[in-house]
Amino acid sequence: MLRKIHRALQDPGTTRRVLLIVIAGDRGLCGVYNRLVFNTASRRIEDLTQLGMEVELCCVGRLTERYFRKKYPHLLIVNAFLLGGSKGIPDLSLKLAEESLIDFVSDEVDRVELVYTRFQSMLASKPSIRTLLPLTPLGFEWDEDEIFQLVPSDHGFDVERKHCNPDE
């Protein structure tokens, strides 16, 4: 197994098949939020397809699966997960990690990408695409990454935002 996991650290070589994990909302008033994610994922699917790559989808959220089954009936949806549930997000995160790693180390896919929204403020989020596998030599840090920390203040706690520098 260690030899197979080592593959995640190697030069990706030729990419033939990409697993795209798409996460969007399921609860009310998330239409604009979902539209941003769906449009970003659709553009990525079309870009990868034009490059001659096969795309497989893993949909997180009932609305996500419904949208992509209707828009791309020819694409393979390898997994669909509901948001929430009795065990919540930690259980879902573990399942996503396990399933995508198994697909990657067994050569089912050559690359795993995540389409999600990155928090900017209480009123804004930005659709983003991140490559999860193969791992980059520098790690998981990107120029746009931020770390949020609770810091003591005169009136309790404040949130301090720090931008990551992947070169450090």
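Residues numbered from 1 in each chain as written. Predicted model: local features only at pLDDT ≥ 70, side-chain atom pairs only at ≥ 80, totals over all residues. Heavy atoms only, no water.

Chemist: Requested: an account of empty space enclosed by the protein, with residues and values cited.
Modeler: If you walk through the whole model with that rule in mind, you get one cavity of 30 Å³ or more. Taken as a whole, the largest cavity spans an internal volume of roughly 40 Å³. Forming the walls of the largest cavity are Leu19, Ile21, Cys58, Val78, Asn79, Phe81, Leu96, Glu99, Ser100 and Asp103. Put simply, the parts of the chain that give the lining of the largest cavity at least two residues each are strand E1 (17–23), strand E3 (76–81) and helix H4 (88–105). The biggest single contributor to the lining of the largest cavity is H4, with four residues. Here the lining of the largest cavity is composed, by residue class, of six nonpolar, two polar and two charged. (1 Å grid on protein atoms, 1.4 Å probe; cavity = no way out; pocket = protein on both sides within 12 Å on 5 of 7 lines; lining within 4 Å. Points joined across faces, edges and corners; volume = space filled by probe spheres on them. Helix = DSSP H or I, 4+ residues; strand = E, 2+ residues; numbered from the N terminus. Nonpolar A, V, L, I, M, F, W, Y, C, P; charged D, E, K, R; others polar.)

Chemist: Residues and numbers for the pattern of salt bridges, please.
Modeler: This structure, assessed with the given rule, holds seven salt bridges. Its salt-bridge partner being Arg69, residue Glu65 comes within 3.0 Å of it at the nearest N-O pair. Of this pair, Glu65 and Arg69 are both found in helix H3 (residues 62–71), four residues apart, which corresponds to roughly one turn of the helix. On the basis of relative accessibility, which here comes to 44%, the residue Arg69 falls in the partly exposed class. Taking the shortest distance from any N to any O, the salt bridge between Asp91 and Lys95 comes out at 3.6 Å. A residue pair is termed a helical-turn pair when its members lie 3 or 4 positions apart in one helix, as Asp91 and Lys95 do in helix H4 at four residues. Here Lys95 falls in the partly exposed class, since its relative accessible area comes to 38%. Salt bridges sharing common partners tie together Arg17, Glu54 and Glu56. (Salt bridge = Lys/Arg side-chain N within 4 Å of Asp/Glu carboxyl O. Buried < 20%, exposed > 50% of the residue type's maximum accessible area, 1.4 Å probe, protein only.)

Chemist: Describe the layout of surface pockets, listing the residues and the values that go with them.
Modeler: The space that makes up the largest pocket amounts to roughly 270 Å³. Looking at the largest pocket, it is lined by 14 residues, and the ones nearest its centre are Ile23, Ser93, Leu96, Ala97 and Leu114. Elements that contribute at least two residues to the lining of the largest pocket include exactly E1, H4 and strand E5 (125–133). Counting residues per element, the lining of the largest pocket draws most heavily on H4, which supplies seven residues.

Chemist: I'd like to hear about a nonpolar patch on the surface, residue by residue, with values.
Modeler: On the surface, Phe119, Met122 and Leu123 cluster together to form a nonpolar patch covering roughly 440 Å² of accessible area. Within the element layout of this structure, Leu123 appears in the loop between strand E4 (111–119) and E5. (Patch = residues over 30% accessible without salt bridge, like charges linked within 9 Å, V, L, I, M, F, W, Y side chains within 5 Å. Areas by Shrake-Rupley, 256 points an atom, 1.4 Å probe, with all protein chains shown as cover.)

Chemist: Tell me about the sheet that holds strand E2 (residues 54–60), and please be specific about residues and values.
Modeler: Across the sheet, which stays open at both edges, the five strands sit in the order E3-E2-E1-E4-E5 with mixed pairing between neighbours. One side of each edge strand has no neighbouring strand; the edge strands of this open sheet are E3 and E5. Taking the axes of each pair of neighbouring strands and ignoring which way they run, one obtains an average angle of 20 degrees across the sheet. Of the strand pairs in this sheet, E2 and E3 are connected by five bridges, and their pairing is parallel. Pairing of Cys58 across the sheet is with Asn79, part of E3. Relative to the sheet, H3 contacts E1, E2 and E3, its axis offset from that of E2 by approximately 150 degrees. (Pairing = 2+ DSSP bridges. Axes fitted to C-alpha atoms, helices over the stretch in contact; angles between N-to-C directions. Contact = heavy atoms within 4.5 Å.)

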